[in-house]
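# Architecture at a glance
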Amino acid sequence: MKNNKLFKYLSTTPVIIYSISLILIPLLYILFLSFLTNDAYGGVEYKFTLSNYLTVFDYTYLKILFKSSLIALITTLICIIISYPFSIFLMDKSEKTRNFLIKMVMIPFLTNSLIRTYGWIVILRKNGVINTFLTSTNIIKNPLSLMYNSFGIIIGMVYTLLPFMILPIYSSVSKIDRSLIEAAKDLGASKWQVFKNIYLPLTISGLFNGSLMVFIPAIGYFFISDILGGGKIMIIGNLIKNQFLTARNWPLGSALSIFLIIITFILIRIYKKIGGNMDDLGGM
Amino acid sequence: MNENVLVSLKNITKKYGDKTIINNISLDIYEGEFLTLLGPSGCGKTTILRTISGLEELTKGEIYIDGVNVTNVDPTLREVNTIFQSFALFPHMTVWDNINFGLKMKKIAKEEATKRIKDAIKLVKLEGFEDRYPPQLSGGQQQRVAIARGIVMKHKVLLLDESLCSLDLKLKREMQIELKKLQKQLGMTFIYVTHDQDEALTMSDRIAIINKGKIEQLDTPKNIYRYPKTAFIADFIGESNIFNIEIKETTDKYALAKINEDNSLKILNNNYKVGDKLKILLRPETFELKKEYVRNSIKGIVKNYVYDGQITKLEVEVNKGLVLKVNINDADICSKDDTVYLRVPEEKVVIIGEQNEE
């Protein structure tokens, strides 16, 4: 028994130290910073203020928040629209094909997402693969603006976050007994009716999980909007990054971070309210 | 029974790659008939059912339902319904919504739908369970919901895929009788798939024995039991003694069949010639057991004696290679190691083919 206790301490202590020193303390520090005043040289004055939080509700920042949410929402919807047909299509395939295709979804996952996002520049830019093809085949005269706008950001977000939607949806679709689908068809349900009446209600928890795992990062993935938005489109993630690195207004950046964390918590609350299961996401 | 052909399979074949699951089957199923597809697992019987419902596409051949060629018609539009082996009830819908599902899909008017659902629920005796969810029901109740969901559509054909096999024995017996009653009451055509010969014999108007993707015999339960066409069927349906004989003498009416050096049987002559080598079937209940020698009997020694209440099961050794299963009603007539004489009425001997046949 004594040994057991020792092992318990030895195995949990590093995790606890890690969590406290690298997650809890920085977060508390951010919280602390958010109530301080910014001085003219990019430093921090130890003077309590609430003005940073008032600035967050400034029209300019609310607009950025709205725009970020819209981009995240569109990203989430596109991911859903791609994931369902893909998962349902997989169910008719043999196990070998299924495993192969799921691996194909997973492999890009293993590469650095920053590098992958740079890859999209080659495809989307003015003299990139798509535009070169379209202009050389005379389908269009002038190259399309595929990046340095919201379109480019959404493509990058969908591409990066798609696996987070496919995996939970695929996993809940694959749990549905095939005979339920056959029974629905047998009773006269069209493909859309089968989806609406069988697939959707039986995979709702997978759908919630996926949406949460796509929407929340999509608000904050600043590097995608930096690279594919060309710095022209601000999302909350960029805004925060800029406050820390460019504008050197740490207190405002901290307030924005806390604000983002609060939004995330609200989303999780809503998710739990409408029946999501936190256990599927590792419990909370 | 009506003589209208309702479902007609014309030379249907189904292959998965090189594997032939259904091998050129033709079958007419009549209106109001209870037809059972009976066979061992993997014989293709469920696949036949699935081609009728449209869940499986044919490789070759045609299927007609009520005179319409439905070979290329989507399952959604075929006027048949299936009761699945797993029941396939929608777990997120109440009993009522499950039964209503098909009606909703076909956009049946609400009053009509409500009436039909109530009738169906009454028919399968599920009153009071309308608001339950399938996981809250017992196996037998789930079975009833599945049946109600099928019959509420008022299609002429219901396909049942091993529908009773997940129930326990007692419930199974009850459901067999109820299912048969229901079918007569509704006048529907039931096509029933099972590997359970008891079920097939109890419920069916006709049985099609399926083996290796072909129909081996199609007949009434009585005829299949009494006059199986092949050794496979004789062995599959009921208990049987199958062994070889050789025709030794013939007259106009009778023939003498030699079993071994000591035993011969008189059988009815059906154009047999002296020297014909045949396979014969004797059911365990066809023997009359005697203690003394009687004409037309087989002599043997009781090697095993099992008292089973209603009947007594014996194993009688005729010679080294031949042990006969014998069922008798009178448990006191003999005991183990007795020498007995088994009289066989000549009309009860069934010839099931020549010996070189498979």
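Residues numbered from 1 in each chain as written. Chains lettered and ligands numbered in written order. Predicted model: local features only at pLDDT ≥ 70, side-chain atom pairs only at ≥ 80, totals over all residues. Heavy atoms only, no water.

## Focus: the overall build of chain B
Per the secondary structure count, chain B includes 8 helices and 20 strands. With respect to the three principal axes, the spread of C-alpha positions in chain B is 75 × 45 × 35 Å. Expressed as a percentage of the 358 residues in chain B, the buried residues total 51%. Within chain B, contacts between residues at least 6 apart in sequence are counted, and of these 66% link residues at least 24 apart. (Helix = DSSP H or I, 4+ residues; strand = E, 2+ residues; numbered from the N terminus. Buried < 20%, exposed > 50% of the residue type's maximum accessible area, 1.4 Å probe, protein only. Contact = heavy atoms within 4.5 Å.)

## Quick look at the overall build of chain A
When you go through chain A residue by residue, the secondary structure sums to 13 helices and 2 strands. For chain A, the spread of C-alpha atoms along the three principal axes comes to 75 × 70 × 35 Å. Relative to its 284 residues, chain A shows a buried fraction of 42%. Taking the contacts inside chain A whose residues are at least 6 apart along the sequence as the reference set, 64% of them involve residues at least 24 apart. For chain A, the exposed surface amounts to about 16200 Å²; the carbon and sulfur share of it is 70%. Chain A carries 25 positive and 11 negative side-chain charges, and their two centres are separated by 5 Å. (Areas by Shrake-Rupley, 256 points an atom, 1.4 Å probe, with all protein chains shown as cover. Lys, Arg positive; Asp, Glu negative; His and termini not counted. Charge placed at Lys NZ, Arg CZ, Asp CG, Glu CD.)

## Side note on a nonpolar patch on the surface
Residues and elements named next belong to chain A. Residues F66, L70, L73, I74, L77, I78, I81 and I82 make up a contiguous nonpolar surface patch of roughly 710 Å² in combined accessible area. Among the structural elements, I82 can be located in helix α3 (residues 59-91). Here I82 falls in the partly exposed class, since its relative accessible area comes to 35%. (Patch = residues over 30% accessible without salt bridge, like charges linked within 9 Å, V, L, I, M, F, W, Y side chains within 5 Å. Salt bridge = Lys/Arg side-chain N within 4 Å of Asp/Glu carboxyl O.)

## Quick word on the interface of chain B and chain A
Contact residues are listed per partner, giving 24 residues for chain B and 17 residues for chain A. Overall, the association of chain B and chain A removes approximately 1700 Å² of surface from exposure, summing both partners, and the carbon and sulfur fraction of that is 63%. Taken as a group, B:T76, B:H92 and B:M105 account for 30% of the area that chain B buries against chain A, more than any other trio of residues on that side. If you look at where chain B meets chain A, you find 1 salt bridge. Notably, a salt bridge pairs A:E182 with B:R50, separated by 2.6 Å at the nearest N-O pair. (Buried area = accessible area lost by both parts, 1.4 Å probe.)

## Here we look at the domain arrangement of chain B
All names here are of chain B. On domain assignment, one finds that chain B holds domain 1 (5-236) and domain 2 (241-354). Relative to domain 2, the C-alpha centre of domain 1 lies at a distance of 40 Å. On the side of domain 2, 7 residues touch domain 1, which itself brings 10 residues to the contact. Both sides of the domain 1 and domain 2 interface together cover about 650 Å² of buried area, and 54% of this is carbon and sulfur. Among the residues of domain 1 in contact with domain 2, Y225, A231 and A234 are the three that bury the most area, contributing 60% of the side total. Joining domain 1 to domain 2, the criterion identifies 0 salt bridges. Our count for the contact surface shared by domain 1 and domain 2 stands at 3 residue pairs in polar contact (both at pLDDT 80 or more). The set of elements that each furnish at least two residues to the side of domain 1 that touches domain 2 consists of α7 (221-226) and α8 (231-236). (Domains from an automatic or database assignment. Polar contact = N/O pair within 3.5 Å; in protein donor to acceptor, adjacent residues only side chain to side chain.)

## Here we look at the pairing of strand β18 (residues 322-328) of chain B
Residues and elements named next belong to chain B. Among the 7 residues in β18, 5 count as buried, and that is most of the element. In this structure, strand β17 (residues 312-319) lies alongside β18, joined through 7 bridges in antiparallel fashion. When the sheet's bridge partners are listed, K313 is paired in β18 with N327. (Pairing = 2+ DSSP bridges.)

## Topic: the sheet that holds strand β4 (residues 60-65) of chain B
Residue and element names in this part refer to chain B. Taken in spatial order, the 4 strands make up an open sheet running β2-β1-β4-β5, and their pairing is antiparallel. Only two strands of the sheet have a single neighbouring strand rather than two, namely β2 (19-30) and β5 (68-69). Both strand β1 (residues 5-16) and β2 contribute to a ladder of 8 bridges, which runs antiparallel. Bridging from a neighbouring strand, K14 pairs with I22 of β2. Lying over the sheet, helix α1 (residues 45-53) contacts β1, β2 and β4, oriented at roughly 115° with respect to β1. (Axes fitted to C-alpha atoms, helices over the stretch in contact; angles between N-to-C directions.)

## Focus: the packing of aromatic side chains
Here a ring pair, both rings aromatic, is described through the centre-centre distance and the interplanar angle of the planes. All names here are of chain A. Summed over all chains, the structure comprises 15 aromatic pairs over all chains. Here the aromatic rings of F57 and F259 are separated by 5.5 Å at their centres, their planes lie at 80°, and the arrangement is edge-to-face. Of this pair, F57 sits in the loop between α2 (51-56) and α3 while F259 is found in helix α13 (residues 250-273), placing the two residues 202 residues apart along the sequence. Owing to a relative accessible area of 16%, F259 belongs among the buried residues under this scheme. (Phe/Tyr/Trp six-rings, centres within 6.5 Å; stacked < 30°, edge-to-face > 60°.)

## Things to note about the pairing of strand β8 (residues 189-194) of chain B
Residues and elements named next belong to chain B. Among the 6 residues of β8, 6 are classified as buried, and the element is accordingly described as predominantly covered. Both faces of β8 are covered, namely the face carrying T189, I191 and V193 and the face carrying F190, Y192 and T194. With 5 bridges joining them, strand β3 (residues 34-38) and β8 adopt parallel strand pairing. Counterpart to L35 in the pairing with β8 is I191. Pairing of strand β7 (residues 157-161) with β8, which is carried by 5 bridges, proceeds in the parallel orientation.

## Side note on the environment of A:L28
All names here are of chain A. Along the polypeptide, L28 turns up in helix α1 (residues 2-33). L28 sits in the partly exposed class, given a relative accessible area of 47%. C-alpha separation for the pair L28 and V173, spaced 145 residues apart in sequence, amounts to 41 Å.

## As for helix α10 (residues 204-220) of chain A
Residues and elements named next belong to chain A. For α10, with 17 residues, the first-to-last C-alpha span of 25 Å sits near the 24 Å given by 1.5 Å per residue. Every buried residue belonging to α10 is among G206, L207, F208, N209, G210, S211, L212, V214, F215, A218 and I219, and all of these are buried. The elements touched by buried residues of α10 are α3, α7 (150-173), α9 (191-202), α12 (236-245) and α13. (Expected span 1.5 Å × (residues − 1).)

## Things to note about the packing of α3(A) against helix α4 (residues 95-106) of chain A
Residue and element names in this part refer to chain A. For the pair α3 and α4, the least separation of the axes is 9 Å and the interaxial angle reads 155°. When the axes of α3 and α4 are compared, the pair comes out roughly antiparallel. Of the two elements, α3 crosses α4, and the hand of that crossing is left-handed. Two secondary-structure elements touch here, α3 through F86, F89, L90 and M91 and α4 through R98, L101, I102 and V105. Partitioned by chemical class, the residues of the contact of α3 with α4 number 7 nonpolar, no polar and 1 charged. (Parallel < 35°, antiparallel > 145°, perpendicular 65-115°, else oblique. Left-handed = near helix turned anticlockwise from the far one by under 90°. Nonpolar A, V, L, I, M, F, W, Y, C, P; charged D, E, K, R; others polar.)

## Considering the nonpolar core
With 105 residues, the main nonpolar core has A:I198, B:F90 and B:F101 as its most contacted residues. Residues within four places of B:F90 in sequence aside, it is in contact with A:L180, A:A183, A:A184, A:L187, A:I198, B:N98, B:F101, B:P134 and B:R149. Core analysis: the second largest hydrophobic core is formed by 28 residues, B:F243, B:I267, B:I298 and B:V316 among them. (Core = buried A, V, L, I, M, F, W, Y, C linked by side-chain atoms within 4.5 Å.)

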